[in-house]
Amino acid sequence: MDADAVAKAFVGHYYSTFDSNRPALSNLYHDSSMLTFEGQKIQGTQNITAKLTSLPFQQCQHSITTVDCQPSVNGAMLVFVSGNLQLAGEQHALKFSQMFHLMPTPQGSFYVHNDIFRLNYA
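Described in the following lines is the structure provided in the data block.

Quick word on the pattern of salt bridges
One pass over the structure, following the stated rule, counts one salt bridge. Put simply, Glu-38 and Arg-118 hold a salt bridge, and the shortest N to O gap is 4.0 Å. Placement of Glu-38 in the loop between strand 1 (29-37) and strand 2 (40-43) and of Arg-118 in strand 6 (residues 110-120) is noted, with a sequence separation of 80 residues between them. For Arg-118, a relative accessible area of 42% gives the class partly exposed.

Have a look at this one:
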C-alpha cells in the first residue's frame, strides 16, 4: 500500500464530498471518532455530522495546497492538509489546515479516528 497515494485519494474524496454533499461525510467517521473544529471538541459520528452540516455556509470550494502523510501504528496514517477555502459570495479565500488520523477497517478501507481543523489567520 502506497501511503501517499491513499492519503491523496482520501483527501480528494473528503473535500469533494464536503463541498458537494456534506451529510455523506458521516460514512467516514465512527462513534469513537473525534473532531476538534477551531478548538471545539466533538465526539461521535452523529455529533460530528451535526457540526459539519450546521456550519454557517452552504456552498464552498476547497483548494488543496499540500498533503503530507506519515504511517502510524497498526496500519494507521496521519494526513496533514493545507489549502484555501472559498465561501460563496466572499471575495477572498480563507486559509486552513487540517489533520486526519486514519485508522484501517477490517474491510480494508479507512475511517477518520481524529480530525483537527483550523483556519489560518495572517
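As for unusual backbone geometry
Phi is positive for Glu-38, which is not a glycine, with a value near 50°. For Glu-38, a relative accessible area of 29% corresponds to the partly exposed category. Of note, the phi angle at Asn-74 is positive, near 55°, even though the residue is not glycine. You can see Asn-74 is positioned in the loop between strand 3 (60-71) and strand 4 (77-87). Exposure remark for Asn-74: the relative accessible area of 71% places this residue in the exposed category.

What to know about the pairing of strand 2
In this structure, strand 1 lies alongside strand 2, joined through four bridges in antiparallel fashion. Paired with Leu-35 across the strands is Ile-42, a residue of strand 2. Between strand 1 and the antiparallel strand that follows it, strand 2, lie two residues; Glu-38 among them carries a positive phi value of about 50°.

What counts and how
- Residues numbered from 1 in each chain as written.
- Predicted model: local features only at pLDDT ≥ 70, side-chain atom pairs only at ≥ 80, totals over all residues.
- Heavy atoms only, no water.
- Salt bridge = Lys/Arg side-chain N within 4 Å of Asp/Glu carboxyl O.
- Helix = DSSP H or I, 4+ residues; strand = E, 2+ residues; numbered from the N terminus.
- Buried < 20%, exposed > 50% of the residue type's maximum accessible area, 1.4 Å probe, protein only.
- Pairing = 2+ DSSP bridges.

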